Amino acid sequence: MEEKVLKNSKKIIIFIMILALLIRVLFVFGTQILQLQYDVGNPGKILNLEEYELLYKDYDKEPYIGRHINYIMLFYHGLGLPTEIIGQFYHPPLHHFILGNILKFMDNFDVGADIKLEAMQIAPLIYSSVILFAFYKILNELDLTDSQKILPMLLVSFMPLNIFMAGSINNDTLVLMFSVISLLYILKWHKEPTMKNAIWLSIWIGLGLTTKTSILVMMIPTVVLFFKKLVKYVEEDKKVGSLLVQIPVFAIIILTLGFWFQIRNLALGLNSIGIIQPNEELSVANYSLWERFGLTNILSMNKYNIWNYITYSSLNYGLIYNESLIEGIVAFGSLILMIISICYIVSNYKENEESFILAITYIAWWFGYLYLNLSMPYSCSMSARYMALPFMIGFIMLSKGLHKDKSKFMNCVVYGLSVLIIAFSIVLFMF
């Protein structure tokens, strides 16, 4: 009987991943590069063939100047790194370098400018696919049974935010990919604190820093885990030399991969440390702290309350909102699911070392997110795309929490709300 359940669970997970990839492919091929995007210039614009052609030469004019399109085209035209810091040029260049070279590669084919430019979406589609497989590997590292893997795989696969990000030509999806892989290697290093795993972890975080500096948050669980492991070695009278040798190697890789761009800019008199302020039309500074961080009406979307906006932007990316009772109900269900996941994280973080690592990572991202919103009070700062990894951790803890307390009521609530969100997502993207 157990063998039959195991085989069925594996088949379900395979089906989930195939359907998730199919929906991502359909979404990418069904949307244009400006249609549902952030910080690319001319958002929501549906391009015709002539406008695709013009994009190759008008990329450094309004409304594209300083946006991700502009950055990508610098590499396509062989102009190299930005010589000034405007708009999105403060970001490290890995993602833009990749997309610029995709455009160069497409020049080998006798196809129109529309097909060449739309081919850029293949990159985030690949990133999103890697995220799915890396997340599944994380579930393996946590020693979850195949039946326990089904709920988190369902939610990660069909959460609308993750599907939207599969077509995003800004750098959010690539840095999320490196963040997920970094978490995987933190767990691997925890089990086997070898130089090999330390090097791979530093490479993934370093590449993430060459994409977007927000992945610096992953250093918090890394450092906490290292010192926790060091203390344990000392208490158990184990040799700590192997751990201590890993520190300079890790630091050299991180500094080389992660901060060369900022060092290069400072040497040229350019400051790319920090974040350039968004447009003032997005400011929410005129709202009170209570309006921004207090209780809110979750049945209707607003663009000033952090809990409201993070919930809705996880469902509609903050770009395709249609005020309806159904979306309000799904948003309410999503918020309840988030609260339950937080309760499970708080109650189960002492269960084992892996749960502790997940909890520290979760807290670190929330700390960064809240700091961002306090220091930069703009609606774009509240976007759920900055919190995709902690959402994934929450999905894992839902499964672990249900398995531990075995409450029939909580099972009904969590699975019922999960089905609601997944059904909403599939209908949204299929129809």
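Up top is the structure these notes are about.
Numbers given for residues are sequential positions, taken from 1 along each chain in its written order. Residue-level local features of this predicted model are given only where pLDDT is at least 70; pairs of side-chain atoms are given and counted only at 80 or more, and the full residue set underlies all totals for whole chains, interfaces and linings. With hydrogens and water stripped out, all remaining heavy atoms of the structure feed into the side-chain values.

Describe the side chain of Gln 32, naming the residues involved and giving the relevant values.
Counting from the N terminus, the helices are DSSP H or I runs at least four residues long and the strands are E runs at least two residues long. Mapped onto the fold, Gln 32 is located in the loop between α1 (2–30) and α2 (49–58). Separated by 3.4 Å, the side chains of Gln 32 and Tyr 52 make a polar contact. Whenever a nitrogen or oxygen atom comes within 3.5 Å of another N or O atom, the pair is scored as a polar contact, on the condition that within protein one atom can donate a hydrogen and the other can accept it, and that pairs from neighbouring residues in sequence are kept only if both atoms are in side chains.

For empty space enclosed by the protein, give the residues involved together with the corresponding values.
Only protein atoms enter the 1 Å grid, on which a cavity is a set of points fitting a 1.4 Å probe that cannot get out and a pocket is an open set with protein on both sides within 12 Å along at least 5 of 7 lines, lining residues being those with an atom within 4 Å of a point. Grid points are joined across faces, edges and corners, and a volume is the space filled by probe spheres set on the points. This structure, assessed with the given rule, holds two cavities of 30 Å³ or more. Computed from the structure, the largest cavity encloses a volume of approximately 200 Å³. Looking at the largest cavity, it is lined by 17 residues, and the ones nearest its centre are Met 159, Ser 334, Leu 337, Phe 391 and Phe 395. Elements represented by at least two residues in the lining of the largest cavity include exactly α14 (306–316), α15 (325–348) and α17 (388–405). In terms of residue count, α17 provides more of the lining of the largest cavity than any other element does, five residues in total. Note on residue classes: Ala, Val, Leu, Ile, Met, Phe, Trp, Tyr, Cys and Pro are nonpolar, Asp, Glu, Lys and Arg are charged, and everything else, Gly too, is polar. Tallied by class, residues from the lining of the largest cavity come to twelve nonpolar, five polar and no charged. Reported here for the second largest cavity is a volume of approximately 50 Å³. Lining the second largest cavity, in full, are Arg 24, Ser 128, Ile 131, Leu 132, Val 156, Asn 162, Met 165, Thr 173 and Leu 176. The set of elements that each furnish at least two residues to the lining of the second largest cavity consists of α6 (122–141), α8 (160–165) and α9 (172–191). The element contributing the most residues to the lining of the second largest cavity is α6, with three residues. Of the residues contributing to the lining of the second largest cavity, the split by class is five nonpolar, three polar and one charged.

Explain the packing of α6 against α9 to me, using residue names and the numbers behind them.
An axis is simply a line fitted to the C-alpha atoms; with a helix, the fit covers only the stretch in contact. Between two such axes, the angle follows the N-to-C directions and lies from 0 to 180 degrees. Packing of α6 against α9 brings their axes to within 9 Å, and their N-to-C directions diverge by 20°. Classified by the angle between their axes, α6 and α9 sit roughly parallel to one another. Considering only the axes of α6 and α9, their crossing is left-handed. Listed contacts from α9 to Pro 124, Tyr 127, Ser 128, Val 130, Ile 131, Ala 134, Phe 135, Lys 137, Ile 138, Asn 140 and Glu 141 of α6 are Thr 173, Leu 174, Leu 176, Met 177, Val 180, Ile 181, Leu 183, Leu 184, Leu 187, Lys 188 and Lys 191. Across the contact of α6 with α9, the residue classes break down as 15 nonpolar, three polar and four charged. When describing relative orientation, an angle under 35 degrees is termed roughly parallel and one over 145 degrees roughly antiparallel, while 65 to 115 degrees is termed roughly perpendicular and anything else oblique. The handedness criterion is simple: a crossing whose near helix is rotated anticlockwise from the far helix by less than a right angle is left-handed, and one whose near helix is rotated clockwise is right-handed. The contact criterion used throughout is that any non-hydrogen atoms of two residues lie within 4.5 Å.

Lay out the layout of surface pockets in plain terms, naming residues and giving numbers.
Volume-wise, the second largest pocket comes out at about 250 Å³. Residue assignment for the lining of the second largest pocket shows that the elements contributing at least two residues are α10 (195–209), α11 (219–235) and α12 (241–267). Counting residues per element, the lining of the second largest pocket draws most heavily on α11, which supplies six residues. Of the residues that constitute the lining of the second largest pocket, the class distribution is eleven nonpolar, two polar and no charged.

Break down the nonpolar core for me, with residues and values.
The criterion is simple. A nonpolar core is a set of buried Ala, Val, Leu, Ile, Met, Phe, Trp, Tyr and Cys residues joined through side-chain atoms within 4.5 Å. Throughout this description, buried means an accessible area under 20% of the type-specific maximum (1.4 Å probe, protein chains only), exposed means over 50%, and partly exposed covers the range between. Counting residues in each nonpolar core, the largest one holds 130 residues, and the members touching the most others are Ile 33, Ile 69, Leu 117, Met 120, Leu 389, Phe 391 and Leu 398. The leading source of residues in this core is α9, at 13 residues. With near-sequence residues (within four places) excluded, Phe 391 lies in contact with Met 159, Leu 161, Ile 310, Ser 314, Met 338 and Ala 384.

Tell me about the pattern of salt bridges, and name the residues and values.
Salt bridge, as used here: a side-chain nitrogen of Lys or Arg that lies within 4 Å of a carboxyl oxygen of Asp or Glu. Counted according to the given criterion, the structure contains 15 salt bridges. A salt bridge links Lys 45 to Glu 51, with the shortest nitrogen-to-oxygen separation between them at 2.9 Å. By relative accessible area, Lys 45 is classed as partly exposed at 26%. If you follow the salt bridges from partner to partner, you end up with Glu 141, Asp 143, Lys 188 and Lys 191 in one network.

How would you explain the packing of aromatic side chains if you had to name every residue and give the values?
Here is the rule: rings of Phe, Tyr and Trp (six-membered ring for Trp) pair when centre to centre is within 6.5 Å. Planes less than 30 degrees apart are stacked, more than 60 are edge-to-face, and the remainder are tilted. One pass over the structure, following the stated rule, counts 21 aromatic pairs. Two conditions define a charge located above a ring, namely a distance within 6 Å from the ring centre to NZ of Lys or CZ of Arg, and an angle within 35 degrees of the ring normal. The cationic tip of Arg 385 hangs over the ring face of Tyr 38; the distance from NZ or CZ to the ring centre is 3.9 Å.

Before we move on, can you summarise the side chain of Gln 148 with the specific residues and values?
Mapped onto the elements of the fold, Gln 148 is located in helix α7 (residues 146–158). For Gln 148, the residues in contact, after removing those within four places along its chain, are Ser 399, Lys 400 and His 403.

Explain α2 residue by residue, including any values.
Every buried residue belonging to α2 is among Tyr 52, Leu 55 and Tyr 56, and all of these are buried. Down the axis of α2, the buried set is contained in an arc of 100°. They therefore lie on one face. Exposed and facing more than 90 degrees away from the buried side of α2 are Glu 50 and Lys 57. Here the buried face of α2 lies against α3 (68–76), α4 (94–106) and α5 (113–118). The opening residue of α2 is Asn 48, an N-cap whose side-chain oxygen sits 3.2 Å from the backbone nitrogen of Glu 50. The arc refers to the directions leading from the helix axis to the C-beta atoms.

Any chance you could break down the environment of Ile 69 for me, citing the residues and the numbers?
Inspection of the secondary structure puts Ile 69 in helix α3. Its relative accessible area of 2% is what places Ile 69 among the buried residues.

Let's hear about unusual backbone geometry: which residues, and what values?
Note the cis peptide between Glu 62 and Pro 63, where omega equals 5°. Mapped onto the elements of the fold, Pro 63 is located in the loop between α2 and α3. If you check the backbone angles, Asp 39 has positive phi at about 60° while not being a glycine. Tracing the backbone shows Asp 39 in the loop between α1 and α2. A relative accessible area of 27% places Asp 39 in the partly exposed class. A positive phi angle, near 65°, is found at Tyr 317, a position not held by glycine. Looking at the element boundaries, Tyr 317 is found in the loop between α14 and α15. Given a relative accessible area of 1%, Tyr 317 falls into the buried group.

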